[in-house]
Amino acid sequence: MRISFRASTSPAALAAYTALSTRYGDAPVKTADIIVALGGDGFMLQTLHETQSLDLPVYGMNCGTIGFLMNAYAEDALEARLRAAEETVINPLAMHAISANGRDHHALAINEVSLLRAGPQAAKLRISVDGRERMPELVCDGALLCTPAGSTAYNYSAHGPILPMGSDVLALTAMAAFRPRRWRGALLPKTALVRFDVLEAAKRPVMADADGRSFRDVISVEIRSEPSIRHRILFDPGHGLEERLTHEQFM
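Quantities reported herein were computed from a predicted structural model and do not represent experimental measurements.

Here is what the cut-offs are and how they apply
- Residues numbered from 1 in each chain as written.
- Predicted model: local features only at pLDDT ≥ 70, side-chain atom pairs only at ≥ 80, totals over all residues.
- Heavy atoms only, no water.
- Helix = DSSP H or I, 4+ residues; strand = E, 2+ residues; numbered from the N terminus.
- Buried < 20%, exposed > 50% of the residue type's maximum accessible area, 1.4 Å probe, protein only.
- Contact = heavy atoms within 4.5 Å.
- Areas by Shrake-Rupley, 256 points an atom, 1.4 Å probe, with all protein chains shown as cover.
- Lys, Arg positive; Asp, Glu negative; His and termini not counted.
- Charge placed at Lys NZ, Arg CZ, Asp CG, Glu CD.
- Core = buried A, V, L, I, M, F, W, Y, C linked by side-chain atoms within 4.5 Å.
- Pairing = 2+ DSSP bridges.
- Axes fitted to C-alpha atoms, helices over the stretch in contact; angles between N-to-C directions.

1. Comments concerning the overall build of the chain
Piece 1. Secondary structure summary: the chain contains 5 helices and 17 strands in total.
Piece 2. When its C-alpha atoms are laid out on the principal axes, the chain stretches across 60 × 40 × 30 Å.
Piece 3. Per-residue burial over the chain gives 50% buried out of 251 residues.
Piece 4. Here the analysis covers contacts within the chain between residues at least 6 apart in sequence; of these, 67% occur between residues at least 24 apart.
Piece 5. As displayed, the chain has an accessible area near 11,800 Å², and 52% of this comes from carbon and sulfur atoms.
Piece 6. If you average the places of the 26 positive and of the 28 negative side-chain charges in the chain, the two averages end up 7 Å apart.

Set out below in structure tokens:
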């Protein structure tokens, strides 16, 4: 088994990289059978984005502070763990944003695409789904669209729902909605094309963020699932993403 190790810059991850690569070897990523990412969830997302063209499974080992997408770290029997691992395939979101200066921005997000106010006043957003206006004005601190894999991240902190992995559903969640005050978001089919138009953009600037890639002063954002891109994530048996999503709801 040819393993390519990748590590974050944290001391724990670098120490793990030294120990594991010495013991199991470190194959070049282009000739590897599998990628092992050492770090936290943020580094796992970075690894998935950077290696998406390779169609290789990625097995994360937690050396960071958050590890929802990661497995427990251990040096022993790694090859046996990799052979027994269960695979989950997820599709990212594709974002197309337009800035006030007319520039186009494209990005992919495994967890979520979020729109956030970038000034002292609340944002005003118009929401359309598949070309049909669904909410003429949402006054809020922001809104996001997330995948099932990202539903326990920012979405959950904003009181959005946790989505089962096989549900083919996206969650649209508002952050600190002021009007409509009691609007708690929506569940949309995975095939939906969601568009946000920023109202009063000069007075109420908004930034768009796709898994940490940020774009300021956006005036419109379109988001859809991208089925042509697959991310293959490996988990130890009985600890897959589906089980973690279910477990999270009973904590």
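Now that the structure has been shown, we can carry on.
2. What to know about the side chain of asparagine 111
Piece 1. Within the secondary structure, asparagine 111 sits in the loop between β6 (104-109) and β7 (112-117).
Piece 2. In contact with asparagine 111, other than residues within four places in its own chain, are Leu45, Leu145, Cys146, Thr147, Ala149, Gly150, Ala153 and Asp211.

3. Thoughts on the nonpolar core
Piece 1. Of all hydrophobic cores here, the largest spans 32 residues; its most connected members are Met95, Val113, Leu125, Leu138, Phe196, Val218 and Val221.
Piece 2. Ranked by the residues each element gives to this core, the list is headed by strand β8 (residues 123-129), at 4 residues.

4. Topic: the sheet that holds strand β10 (residues 142-146)
Piece 1. If you trace the 6 strands from one edge of the open sheet to the other, you get β12-β11-β10-β7-β14-β15, paired in antiparallel fashion. The open sheet has two edge strands, β12 (186-189) and β15 (213-215), and neither has a second partner. Each strand axis lies, on average, 20° off the axis of its neighbour in the sheet, ignoring direction.
Piece 2. Summarising the sheet, β7 and β10 pair through 5 bridges and their orientation is antiparallel. Looking across to β10, one finds that serine 114 is bridged to leucine 144.

5. Here's the deal with the sheet that holds strand β5 (residues 93-99)
Piece 1. Within the open sheet, the 6 strands sit side by side as β6-β5-β16-β13-β8-β9. Their pairing is antiparallel. The two strands at the open ends of the sheet, each matched to only one other strand, are β6 and β9 (132-140). Each adjacent strand pair in this sheet contributes to an overall mean axis angle of 20°, direction not counted.
Piece 2. Sheet topology places strand β13 (residues 194-199) next to strand β16 (residues 218-225); 4 bridges connect them, and they run antiparallel. Along β16, the bridge assignment pairs arginine 195 with glutamate 222.

6. Thoughts on the environment of methionine 207
Piece 1. Examined against the element boundaries, methionine 207 turns out to sit in strand β14 (residues 206-210).
Piece 2. The exposure class of methionine 207 is buried, given its relative accessible area of 16%.
Piece 3. Taking the C-alpha atoms as reference, methionine 207 lies 9.1 Å from serine 99; in sequence the two are 108 residues apart.
Piece 4. Sequence-distant contacts of methionine 207, that is, excluding residues within four places in its chain, are made with Ser114, Leu115, Leu116, Ala118, Ser214, Phe215, Arg216 and Val218.

7. What to know about the environment of serine 4
Piece 1. Mapped onto the secondary structure, serine 4 falls in strand β1 (residues 3-7).
Piece 2. By relative accessible area, serine 4 is classed as buried at 5%.
Piece 3. When the C-alpha positions of serine 4 and lysine 30 are compared, they lie 8.8 Å apart, and in sequence the two are 26 residues distant.
Piece 4. With residues near it in sequence (within four places) discarded, serine 4 still touches Asp26, Ala27, Pro28, Val29, Ala32, Ile34, Ile35 and Val36.

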